[in-house]
Amino acid sequence: MSKRGTVADRMAFFRQALETEEKKEHAPKRPSMSAKKKVLSSSTNYSSTSTKPQAKQENGEQVKTTESTTKKVEKVASQRKEPRVLKKKPELKRQKSVSSLVLAWCQDVTREYKGVNIQNFSGSFNNGLAFCALIHKFHPDKFDFDSLDAENREYNVQLAIEVGT
């Protein structure tokens, strides 16, 4: 038997949950907004300096109001009349991935080298010229970049690894 129980157990659980949900729907509801407005309008009929609790009958219920509850109700009512101001969300900056930042850096560094056009990290580095251009930019005295040939891939990559290490 599984941890979840049998199919009959699960069905019984769902039936019980459904019955509980139906009971909640038939439960007595809170007073509506119109009933609250009636209480508000009736509470403003007497002076605000009065501290005696006053009773009014609304829809068969007796409602007691005092000065403090009247002020609270008036404050809530005045707050509702004002339009709701939404907070402005900060403008999100679109962030680049690390690989796209490194690619952009490589493109900037090798821009002045002939025959080097870096578009991605796979095809652009195949012939070894991009590696050599990056190393030559920071160590131009180690080798002559202009003497390199794009057709001689193995030599270019080997040179970049030796000088780079």
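Worth saying up front: this structure is predicted, and the values here are computed from it rather than measured.

S.K.: Help me out: how do you make sense of the pattern of salt bridges in this one?
M.R.: A side chain of one charge can pair with a side chain of the opposite charge if their charged atoms are brought near each other. The tally for this structure, following the rule as stated, stands at two salt bridges. One salt bridge connects Asp-108 with Arg-111, and the closest N-O pair in it is separated by 2.9 Å. The closest approach of N and O atoms between Lys-137 and Glu-112, which form a salt bridge, is 3.6 Å. Within this pair, whereas Lys-137 is found in helix α5 (residues 129–138), its partner Glu-112 is found in the loop between α4 (98–109) and α5, the two being separated by 25 residues in sequence.

S.K.: Just to check I follow, could you spell out the packing of α5 against helix α6 (residues 153–164) for this structure?
M.R.: Any two packed helices are characterised by how steeply their axes cross, that is the angle between the axes, and by the distance between the axes. Close contact between α5 and α6 brings their axes to 8 Å; oriented N to C, the two are set at 30°. As judged from the angle between their axes, α5 and α6 are roughly parallel. Note that α5 runs across α6; the crossing there is left-handed. Note on element contacts: α6 touches α5 through Asn-156, Leu-159, Ala-160, Val-163 and Gly-164, opposite Leu-129, Phe-131, Cys-132 and Ile-135. Split into classes, the residues belonging to the contact of α5 with α6 amount to seven nonpolar, two polar and no charged.

S.K.: I tried to follow the packing of aromatic side chains on my own but got confused; where do I start?
M.R.: To describe a pair of aromatic rings, one takes the distance between the centres and the angle between the planes. Using the criterion set out here, one finds five aromatic pairs in the structure. One aromatic cluster in this structure is built from Phe-121, Phe-125 and Phe-131.

S.K.: Would you explain the confidence of the model for the protein in this entry?
M.R.: Low-pLDDT stretches of the model should not have their predicted coordinates read in fine detail. Of the residues in the protein, 61% reach a pLDDT of 70 or more, and the chain-wide mean stands at 75. In the model, residues 45–51 has pLDDT below 50 throughout and makes nine contacts with residues more than four positions away in sequence or in other chains.

Rules and cut-offs
- Residues numbered from 1 in each chain as written.
- Predicted model: local features only at pLDDT ≥ 70, side-chain atom pairs only at ≥ 80, totals over all residues.
- Heavy atoms only, no water.
- Salt bridge = Lys/Arg side-chain N within 4 Å of Asp/Glu carboxyl O.
- Helix = DSSP H or I, 4+ residues; strand = E, 2+ residues; numbered from the N terminus.
- Axes fitted to C-alpha atoms, helices over the stretch in contact; angles between N-to-C directions.
- Parallel < 35°, antiparallel > 145°, perpendicular 65-115°, else oblique.
- Left-handed = near helix turned anticlockwise from the far one by under 90°.
- Contact = heavy atoms within 4.5 Å.
- Nonpolar A, V, L, I, M, F, W, Y, C, P; charged D, E, K, R; others polar.
- Phe/Tyr/Trp six-rings, centres within 6.5 Å; stacked < 30°, edge-to-face > 60°.
- pLDDT = per-residue confidence, 0-100.

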